[in-house]
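Architecture at a glance
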Amino acid sequence: MSMITEIGRGLSGLEQLRAFIASGQRPGIGDSLDFDLVEVAEGFAAFEGMPGAHAYNPMGIVHGGYFATLLDSACGCAVHSRLSAEQAYTSLELKVAFHKAMTRDTGRVRAEGRVRSIGRRVAFAEASLIDGEGRLYGSATSTLLVFDR
C-alpha cells in the first residue's frame, strides 16, 4: 500500500499525512507491530502503539526493533510533513538509545518526532518514546535524504 498513490497524489507531505490519518488506514508494519500515526503538524509526527507479546524478544521483553521502528517512523514522518508534493525522503541513518526496558505491562507508548533542520537534500530529526506517565523508554536521532520524486 502506498499512501502517495492511494490518497495523497498532488498533496504536500503534511496534507498527505493528514489524509492518511483521516482514512483510518495503517501501513503493513503498523498492523504487524500494532501502532498508528495519531498526530501531525509541520515538522512534527506522533505514533502510538501497544507493546505486547507480539513484539517480545526471547528474553521476554519488547525487542529493540519495536523501539527503533516507532522512533524511525516518527522521525521520518516529521520530515515528510515538511515536504512538497514533488519531494520524498529516505532514512540514511538512525541512532537509537534504549533508556528503559518495555513489556506488555508498560501500556500504550508514544513516539514523538521533530525536525531539527531541513535543507534541499538532507534533513535531521529526533524522536522520543514515552509511556502514558511521561517516562522515557527510548530516543533517536536520524539523518534523512530528501529528493525529488
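Let us look at the structure shown here. (Residues numbered from 1 in each chain as written. Predicted model: local features only at pLDDT ≥ 70, side-chain atom pairs only at ≥ 80, totals over all residues. Heavy atoms only, no water.)

**Concerning the overall build of the protein chain**
Along its length, the protein chain carries four helices and six strands. The helix and strand sequence of the protein chain, counted from the amino end, reads α-α-α-β-β-α-β-β-β-β. The C-alpha radius of gyration of the protein chain comes to 15 Å, within 12% of the 15 Å expected for a compact globule of 149 residues. Along the longest, intermediate and shortest principal axes, the C-alpha atoms of the protein chain span 45 × 30 × 25 Å. Of all 149 residues assigned to the protein chain, the portion counted as buried reaches 42%. Contacts in the protein chain between residues far apart in sequence, at least 24 positions, make up 61% of those at least 6 positions apart. Carbon and sulfur atoms make up 49% of the accessible area of the protein chain, which amounts to about 7,500 Å² in all. Counting 15 positive and 17 negative side-chain charges, the protein chain places the averaged centre of each group 4 Å from the other. (Helix = DSSP H or I, 4+ residues; strand = E, 2+ residues; numbered from the N terminus. Rg over C-alpha atoms; globule rule 2.2 N^0.38 Å. Buried < 20%, exposed > 50% of the residue type's maximum accessible area, 1.4 Å probe, protein only. Contact = heavy atoms within 4.5 Å. Areas by Shrake-Rupley, 256 points an atom, 1.4 Å probe, with all protein chains shown as cover. Lys, Arg positive; Asp, Glu negative; His and termini not counted. Charge placed at Lys NZ, Arg CZ, Asp CG, Glu CD.)

**Regarding the pairing of strand E4 (residues 109-118)**
Sheet analysis places strand E2 (residues 44-49) next to E4, joined by six bridges and oriented antiparallel. Bridge pairing links Ala46 to Glu112 in E4. Of the strand pairs in this sheet, E4 and strand E5 (residues 122-131) are connected by nine bridges, and their pairing is antiparallel. Within E5, the residue paired with Gly113 across the bridge is Ala127. Connecting E4 to the next strand, E5, in antiparallel fashion are three residues. (Pairing = 2+ DSSP bridges.)

**Considering the nonpolar core**
By size, the foremost hydrophobic cluster in this structure holds 33 residues, and its most contacted members are Leu37, Tyr66, Leu70, Val79, Met102 and Leu129. If you list the elements that add at least two residues to this core, you get helix H2 (13-23), strand E1 (35-41), E2, helix H4 (64-80), E4, E5 and strand E6 (136-148). It is H4 that contributes the most residues to this core, nine residues altogether. Setting aside residues no more than four positions away along its own chain, Leu70 makes contact with Phe35, Gly49, Val109, Ala111 and Leu129. (Core = buried A, V, L, I, M, F, W, Y, C linked by side-chain atoms within 4.5 Å.)

**Describing unusual backbone geometry**
Phi angles above zero are rare outside glycine, and Asp34 is one such case at about 60°. Secondary-structure assignment places Asp34 in the loop between helix H3 (28-33) and E1. Assessed through its relative accessible area of 30%, Asp34 is described here as partly exposed.

**Some details on H2**
In an α-helix there are 3.6 residues to a turn, and that puts residues three or four apart on one side. Taken together, the buried positions of H2 are occupied by Gly13, Leu14, Gln16, Leu17 and Phe20. The arc enclosing the buried residues of H2, seen along the axis, measures out at 160°, which places them on a common side. (Arc of directions from axis to C-beta.)

**With respect to the sheet that holds E1**
With respect to topology, six strands assemble into an open sheet ordered E1-E2-E4-E5-E6-E3, the strand pairing being antiparallel. Looking at the sheet topology across the chains shown, the edges are occupied by E1 and strand E3 (87-98). Put simply, the sheet's adjacent strands are angled 20° from each other on average, direction ignored. Its contacts with the sheet place H4 against E1, E2, E3, E4, E5 and E6, and it is angled at close to 45° to E4. (Axes fitted to C-alpha atoms, helices over the stretch in contact; angles between N-to-C directions.)

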